Each structure stands twice: as C-alpha cells, then as structure tokens.
Amino acid sequence: MKTKSKNNKRLSVLIVTIVFILIIGTIFLAINFFAENYSLKNEFTENVVISGINVKGLNKTEAENLIGGVLKDKIENLNIKLYYKDKMWNYNGKSLEANSNIHTIIDDAFKYSKLNESESESIKNITRQGFNFDIAFNYVFPTFKDKINEIKKEIEFEEINSEVEFLPNTKEIFKITKSKNGVKIDENKLYLDIERQFKNSNNIEIEIPTLLIAPSKNEDYYNDKLSLLGEFSTDLSTSKGGRKHNVSLALEKFNGKILSAHESVSFNDITGPQTEESGYKSAIIIVNGEFVEGVGGGICQASTTLYNALLLSGAQIDEVHKHTLPVGYVELSLDAMVNEGTADLRFTNISDYPIYIQSYVKGDRAYVKIYGKPLEDNVTYNRSVEFVRTIPHNGDKIIVDKSGKYKDKVTYKGEYFRLSFPKEGYEAKAYLEKYKNNELISKELIRHEIYEPKMGLLIEGNETPIEEVENDIKIIPPQIEVETSVDSNKMHSMEQSA
C-alpha cells in the first residue's frame, strides 16, 4: 500500500512540473512574440527618406536621433547671403532662431509609411516606391520672415501715380506729374529659391527677386480727361461802379475749383457771404422788380456765366432761378439769379471723373471754361431760346408824396417825378440741344420762364398849387397792343443788373 501511495505522489509532482514548464515556455514565447511585433510596429518598413536620409529599418526614436543630428549640424554650418543691387545681408544658422524639434515630422513620415493591408492596390504601389520628406526651411527658421520684413523696408517702395495739377492762371493750365513703378519683393519666388538651396547646400546665396508694380495712372491716363467741355462769356462793357469788381471777385472764388466725380456744389456756399466784409462792393441789383443800389450787384452775372458754361459741359443743374426782370447779358430763360438765403445755383458733376473750372474777367468780358472727360464721345451741347410772347404792361402808377420824401423833386399836385418806366413782360422757353458728330440727336426743354410786366412809378406832389403847374413828364397809359416777338439785340441792350 505504501509503495502505491509513493508512486501516485511522484506522478503528481511530475505532472505539476511539466505544466509549470509549459506555462513558463508559453509566457516566454508570448513575451518574445510581442516584443518582436512591437519592434516591427515601430520600425520604418518602407523606403522613407527624410531630408535625404533613408530611415527604413529604424524605429522612430532612432530616426529622430539620426535626423536631429544631421539637422543640428546643418543649422550650425548654415550661411545665408541675400543681395539686391549694391545691398547685401548675411546670416548664419547660429545667429538665427532655429526650431530643432522634428518629432512631429518623424510622426508624419511614420504614419505615411504604415498603410494597412485593407487599402487599395494603387496605394500599396505608392508604399513600395517609398516616400520623400524634406524638412522645410520655414519650419526650421520660423522667424526668418522677420528678417525679410526688415529687408522690405530697404528695398520696397510704393508705386507713384501720375497726377494732374490744375493751374488756371497760367498759360499751360494743366501740369501732369510723372508716374513711377513700385518695387516689391517676390516672396513666393524668394522662399522657393531658399528651400531649393537649403535642401542641397549649407551655403545659400540668392539675389532677391522683385516685382515691378505698375501705377494705375500714368501720363497717358489723362489724355481724354482734360478736354474743354464747355465755355461761355458775357459782356461787362456797360458795367459801372463796383459791379465789374463783384463779377470778377465771384468768378475768382470758382477759378481753380475741382469737382470730384458726382460732387454737388452750391454757388452761394463758394462765393458767400456776399457782404462788404467779404470784399464785395455796392452796385445795381434787382429788388422786387426794381433796379436799386445794393452790396454784391453783379454777382448774378457771374452765376449766369457759370450756369451757361455748365449747360454746355453736360453738368446736371439741380437748382436755378430767373430774375424778376430780364437782364441784358444773356438771353431770356438762361439767366441764373442768386441771393443768399432765397435763391441759389446748385449743380452736380455727373461724370465719373473730376471736372475743372476756370473762371475770370478779362477786359470787358466774364469767362467760364469747364474741362474734364466728355460724358460721351463726340457729343456737344448747344443752347437755344424760343420766344413765346410779350406781355403788355399796365402803364404808370402815381404815388402822392404825402410824407415829403421827394420834396426836393416835387411839391405840387400835377407835378411829377418819375421813379421808373413801365416794363412789358416776356415769356420764353430755353432748350438744351445735344449733338453727336455734329448731328442733332435730342432737344430738351430745360426752362419755361415768365418775366412779369412792371408798372411805371410816378411821384406826385402833395400841395395844392396856386397857379397851374407846368410838367413835361407824360403819364404812360396801359399797353393795348404789343409786339409778338422780341428782337434779340433789344434784349441784350437792356440795362445790365444783378
């Protein structure tokens, strides 16, 4: 019995020993298997070239150490020479702020080298051919762009556009400045050149590439933008006192004025205030249908001359007014009365380009000339007036001088002093005609004006005469029949006013 028990015990020990050996062997094989597979998983199994070095068979740590060492050596021995004309800039790797961390680059290269088996055959073919990774210069020297920015300050300059100088008081009223090309560094090409040389050499030597920036406006730009668009003049030969001075002063304020595209202008804003303090003198003006003395007389002739030049230049008239009486320096319906606070001449440059105003008095004439780019090729404008009718006046109105205001002129009843003659009225229409290549293409009604007739004014004395009063002043009765047309010479011989 004892012998049998000993045999069973020996068998059990043997079995336990065998099982233990098997377990230890299995564990060893498993460890060896996993270690072997872990090593394979961290190795570059394809031809992967990083900055010219094939890292196939290396794990990521080994590849990083190898490439990092090569990169460190490259940085320490790198020399960069940039030059432009007679300027030169030298840099070396030791003085530049470098980024030697290539961990992310190794990770990216490793990821692309490990395409799994489920991917398509075309991708597998790519893996067999290998991958080539270059460490970019901008990655190694991320702040080198600051050096380029400093160089820009020495090399680059903005292009200079040609500009026009308006000199209305000189013989050559337009002076055009010369344009100049700008210079900019061609950064794309510069960095491509740097990358190419950085890949193959430690000595980078580059002539900085630049681009010429052409100006948007050169001298030829103004060839069609300084044309005479319209001009008009009025007669000053009968102007008296301060009237001619006032016309000249008002036009002087517009002389040299440049209106930008679509700019609107007020005549009163430019010429006002119309006071003695502003240099205006006393002259004949129209007030309530009468010619009287007042500061600024003649300004309306300046506004009228400007208005007609604007019509001929194609400008847009936004506000214009007639006088209460016809004036002798322009046709009916083409006058432009101004008065601060009540009446203005407003206009707009409807062109996409500036217009230039030259206005002055020379001799016995007032002139306005307007220059710019024509709104349309070969288009010109003309003014025309259609006389409609003459409106009869109502004769004289007699006012008795009860206050004695005119006692030095008249004393007795039946004794008269004439303040004004009766004036007939007129109706007229003004048109703006548009021509293209000298052919009329449109005729637009721009004004339809009525100048109301005015009664004559007689002052009669207030005292009863002892004897019959002799008086050579005749009372003018109302008109019964009037002319159906007005001679243009008659209209222009009227007393100049306003």
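For the structure, check the block above.
This text gives an overview of the structure that appears in the document. From a predicted model like this one, the values you see are computed outputs, not experimental measurements. (Residues numbered from 1 in each chain as written. Predicted model: local features only at pLDDT ≥ 70, side-chain atom pairs only at ≥ 80, totals over all residues. Heavy atoms only, no water.)

**Some details on the sheet that holds strand E5 (residues 131-133)**
Applicable threshold: When DSSP locates at least two bridges between a pair of strands, those strands are taken to pair. Per the convention used, a helix needs a DSSP run of H or I reaching at least four residues, while a strand needs a run of E reaching at least two, with both numbered from the N terminus.
The strand order E2-E1-E5 describes an open sheet built from 3 strands, whose pairing is mixed. The open sheet has two edge strands, strand E2 (53-54) and E5, and neither has a second partner.

**Examining the environment of Glu470**
Stated formally: For every residue, the accessible area (1.4 Å probe, protein chains only) is compared with the maximum for its type, and the residue is labelled buried under 20%, exposed over 50%, or partly exposed between those bounds.
With respect to the element layout, Glu470 can be found in the loop between strand E25 (456-460) and helix H11 (488-492). Note on Glu470: relative accessible area 78%, which makes it exposed. Put simply, Glu470 and Gly414 are 56 residues apart on the chain and 8.1 Å apart in space, counted from C-alpha to C-alpha.

**Overview of helix H6 (residues 144-155)**
Threshold: Given the number of residues in a helix, its expected span is that number minus one, multiplied by 1.5 Å. The arc in question is the one traced by the directions running from the helix axis out to the C-beta atoms. Here a residue-residue contact requires only that any non-hydrogen atoms of the pair lie within 4.5 Å.
Taking 1.5 Å as the rise per residue, H6 with 12 residues should run 16 Å; its terminal C-alpha atoms sit 17 Å apart, in good agreement. The complete set of buried residues in H6 reads Phe144, Ile148, Ile151, Lys152 and Ile155. Relative to the axis of H6, the buried residues are bounded by an arc of 115° and lie together on one face. In the core, the buried residues of H6 are packed alongside strand E3 (79-84), strand E4 (87-92), helix H5 (137-140), strand E8 (182-185), helix H7 (187-200) and strand E10 (210-213).

**What to know about the side chain of Arg383**
The criterion, for reference: Pairing of N or O atoms within 3.5 Å defines a polar contact, subject to two protein rules: one partner must be a possible hydrogen donor and the other a possible acceptor, and residues neighboring in sequence count only if both atoms are side-chain atoms.
Within the secondary structure layout, Arg383 lies in strand E20 (residues 379-391). Polar contacts involving the side chain of Arg383 include one to the side chain of Asn308, which spans 2.7 Å. Polar contacts involving the side chain of Arg383 include one to the side chain of Glu331, which spans 2.7 Å. Other than its neighbours up to four places away in sequence, Arg383 contacts Phe232, Asn308, Leu311, Leu312, Val330, Glu331, Leu334 and Tyr431.

**A short note on the packing of aromatic side chains**
The geometry of two aromatic rings is summed up by the distance between their centres and the angle between their planes. The criterion, for reference: Pairs were defined over the aromatic rings of Phe, Tyr and Trp, the Trp ring being its six-membered one, requiring ring centres within 6.5 Å. Orientation was assigned from the angle between planes: stacked under 30 degrees, edge-to-face over 60, tilted for the rest. Here, over-ring charges are defined by two tests on the NZ atom of lysine or the CZ atom of arginine: distance to the ring centre within 6 Å, and angle to the ring normal within 35 degrees.
Counting across every chain of the model gives 16 aromatic pairs. Both rings, one in Phe137 and one in Phe198, keep their centres 5.3 Å apart while their planes meet at 80°; by these two values the pair is edge-to-face. With Phe137 in helix H5 and Phe198 in helix H7, this residue pair connects regions lying 61 residues apart in the sequence. Of the two residues, Phe137 and Phe198, neither departs from the other in class, the shared state being buried. Feature note: the residues Tyr91, Phe137, Phe141, Phe144 and Phe198 constitute an aromatic cluster, connected by ring pairs. In this structure, Lys322 is placed above the aromatic ring of Tyr451, and the distance from its NZ or CZ to the ring centre is 5.3 Å. For Arg418, the ring lying beneath its charged end belongs to Phe421, and the centroid distance is 4.4 Å.

**Observations concerning empty space enclosed by the protein**
As a reminder, the rule being used: In this analysis a 1.4 Å probe is tested at points of a 1 Å grid over the protein atoms alone, and where it fits but cannot get out there is a cavity; an open set with protein on both sides within 12 Å along at least five of seven lines is a pocket; lining residues have an atom within 4 Å of a point. Grid points are joined across faces, edges and corners, and a volume is the space filled by probe spheres set on the points. Residue polarity is assigned by list, with Asp, Glu, Lys and Arg as charged and Ala, Val, Leu, Ile, Met, Phe, Trp, Tyr, Cys and Pro as nonpolar; anything else, Gly included, falls into the polar class.
Under the definition given, this model contains 1 cavity of 30 Å³ or more. Here the largest cavity is characterised by a volume of approximately 80 Å³. Partitioned by chemical class, the residues of the lining of the largest cavity number 7 nonpolar, 5 polar and 1 charged.

**Section: the environment of Val400**
If you trace the backbone, Val400 turns up in strand E21 (residues 396-400). Look at Val400 and you get partly exposed, because its relative accessible area is 34%. Separated by 15 residues in the primary sequence, Val400 and Glu415 have C-alpha atoms spaced 10.0 Å apart. If we skip the residues at most four places from it in the chain, Val400 touches Glu460, Gly461 and Asn462.

**A look at the pattern of salt bridges**
The criterion, for reference: Put simply, a salt bridge is a Lys or Arg side-chain nitrogen that is within 4 Å of an Asp or Glu carboxyl oxygen.
Applying the stated rule across the entire model yields 17 salt bridges. Note that Glu427 is salt-bridged to Arg389, the shortest N-O span being 2.5 Å. Taken together, the residues Glu427 in strand E23 (residues 425-436) and Arg389 in strand E20 connect sequence positions 38 residues apart. Judged by relative accessible area, which is 9%, Glu427 ranks as buried. With relative accessibility at 37%, the residue Arg389 sits in the partly exposed group. Counted as one network, the salt bridges with shared partners bring together Lys189, Asp193 and Arg196.

**Some details on the nonpolar core**
Keep this limit in mind: As used in this record, nonpolar core signifies buried Ala, Val, Leu, Ile, Met, Phe, Trp, Tyr and Cys residues forming a set joined through side-chain atoms within 4.5 Å.
By size, the foremost hydrophobic cluster in this structure holds 40 residues, and its most contacted members are Ile50, Ile80, Leu82, Phe137, Phe141, Phe144 and Ile151. Once residues lying within four places of it in the same chain are set aside, the contact partners of Ile50 are Val55, Ile67, Ile105, Ile106, Ala109, Phe133 and Ile135. One finds Leu236, Leu259, Cys300 and Ala315 within the second-largest nonpolar core, a separate group that totals 39 residues.

**Considering the packing of helix H8 (residues 243-254) against helix H10 (residues 299-313)**
Axis angle and axis distance: for two packed helices, these are the angle between their axes and the distance between the axes, and together they describe the pair. This is how it is decided: An axis is simply a line fitted to the C-alpha atoms; with a helix, the fit covers only the stretch in contact. Between two such axes, the angle follows the N-to-C directions and lies from 0 to 180 degrees. The scheme is simple: roughly parallel for angles under 35 degrees, roughly antiparallel for over 145, roughly perpendicular for 65 to 115, oblique for anything else. Should the near helix be turned counterclockwise from the far one by less than a right angle, the crossing is left-handed, whereas a clockwise turn marks it as right-handed.
In the contact formed by H8 and H10, the axes pass within 7 Å of each other and the chain directions differ by 45°. If you check the angle between H8 and H10, you find them oblique. Crossing of H8 over H10 shows right-handed handedness. Residues Arg243, Asn246, Val247, Ala250, Leu251 and Phe254 of H8 form the contact with H10, whose participating residues are Ile299, Gln301, Ala302 and Leu306. Of the residues belonging to the contact of H8 with H10, the class tally is 7 nonpolar, 2 polar and 1 charged.

**Some remarks on the environment of Lys362**
Assignment of secondary structure puts Lys362 in strand E18 (residues 355-362). The spacing of Lys362 and Leu236 is 126 residues in sequence and 9.5 Å in space, taken between C-alpha atoms.

**Digging into the sheet that holds strand E24 (residues 439-451)**
Hydrogen bonds between backbone groups are what pair the strands of a sheet, and the pairing can be parallel or antiparallel. The 3 strands are arranged E20-E23-E24 in an open sheet whose pairing can be described as antiparallel. A single partner strand is all that each edge strand has here, and the edge strands are E20 and E24. The average undirected angle you get between the axes of adjacent strands in this sheet is 20°. Both E20 and E23 contribute to a ladder of 12 bridges, which runs antiparallel. Within the sheet, the bridge partner assigned to Ser384 lies in E23 and is Tyr431. Helix-sheet contacts for H10 involve E20, E23 and E24, and the interaxial angle to E20 is about 130°.

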